[in-house]
Amino acid sequence: MKQPEPVQVIKQRRDALLRSLVEAVPYIGFLGIQFDRRGDELTAILPFADSLIGNPMLPALHGGATAAFLEVAAIIELAWTSLWEGMEAEGAAPVGPIRLPKTIDFTVDYLRTGLPRDAYARARVNRSGRRYASVHVEAWQDNRSRLFAQATGHFLMPPPA
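Residues numbered from 1 in each chain as written. Predicted model: local features only at pLDDT ≥ 70, side-chain atom pairs only at ≥ 80, totals over all residues. Heavy atoms only, no water.

## Comments concerning the overall build of the protein chain
Then, number 1: When you go through the protein chain residue by residue, the secondary structure sums to three helices and eight strands.
Then, number 2: For the protein chain, the N- to C-terminal ordering of α and β elements is α-α-β-β-β-β-α-β-β-β-β.
Then, number 3: Compactness check: the protein chain gives a C-alpha radius of gyration of 17 Å against a globular reference of 15 Å for 161 residues, within 12% of the reference.
Then, number 4: For the protein chain, the spread of C-alpha atoms along the three principal axes comes to 65 × 35 × 30 Å.
Then, number 5: Taking the contacts inside the protein chain whose residues are at least 6 apart along the sequence as the reference set, 64% of them involve residues at least 24 apart.
Then, number 6: With an accessible surface of roughly 9500 Å², the protein chain has 53% of that area assigned to carbon and sulfur atoms. (Helix = DSSP H or I, 4+ residues; strand = E, 2+ residues; numbered from the N terminus. Rg over C-alpha atoms; globule rule 2.2 N^0.38 Å. Contact = heavy atoms within 4.5 Å. Areas by Shrake-Rupley, 256 points an atom, 1.4 Å probe, with all protein chains shown as cover.)

Below you can see the structure in the form of structure tokens.
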């Protein structure tokens, strides 16, 4: 009978996969976006920075930074979800270059002003097939039930390796 892998080994493998996904997109580092992983659930975090302010009179987060944050959260969640099952079944992170989904369209709803503070986002994959996927993302700051933005995106999935 085969011994189950130690929990620490599983956590290290999952963290390494997430790190490789994030490092595959330099813009994520430019914006300072981070990801908090709890099991298979990801929360994207956009730490506040003065460079993210679009309207200094309010002050408010720039709409472009907000949209980019939501799109990044959607792409990483989609890639994470598609790689999760294979990683868990085989017991090893994928080999070779990471191929991320490509955006077909992305619609953002700005629900209220993004305040000058940290923002959080979670994406939910609505549909994921071999060629096409649909994702919904919600973003909040202080209160998870008070969203400041949400988005829906459609993505072209990379061909299987």
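## Concerning a nonpolar patch on the surface
Then, number 1: Together, Ile104, Tyr132 and Leu156 make up a nonpolar patch on the protein surface, roughly 260 Å² of accessible area in all.
Then, number 2: The topology assignment puts Leu156 in strand E8 (residues 147-156).
Then, number 3: For Leu156, a relative accessible area of 41% puts it in the partly exposed group. (Patch = residues over 30% accessible without salt bridge, like charges linked within 9 Å, V, L, I, M, F, W, Y side chains within 5 Å. Salt bridge = Lys/Arg side-chain N within 4 Å of Asp/Glu carboxyl O. Buried < 20%, exposed > 50% of the residue type's maximum accessible area, 1.4 Å probe, protein only.)

## Details of the nonpolar core
Then, number 1: With 41 residues, the main nonpolar core has Ile33, Phe35, Leu70, Ile76, Ala121 and Val137 as its most contacted residues.
Then, number 2: If one sorts the elements of this core by residue count, helix H3 (residues 63-90) sits on top with 14 residues.
Then, number 3: Residues in contact with Ile76, not counting those within four places in the same chain, are Leu18, Leu21, Val22, Ile28, Phe35 and Leu42. (Core = buried A, V, L, I, M, F, W, Y, C linked by side-chain atoms within 4.5 Å.)

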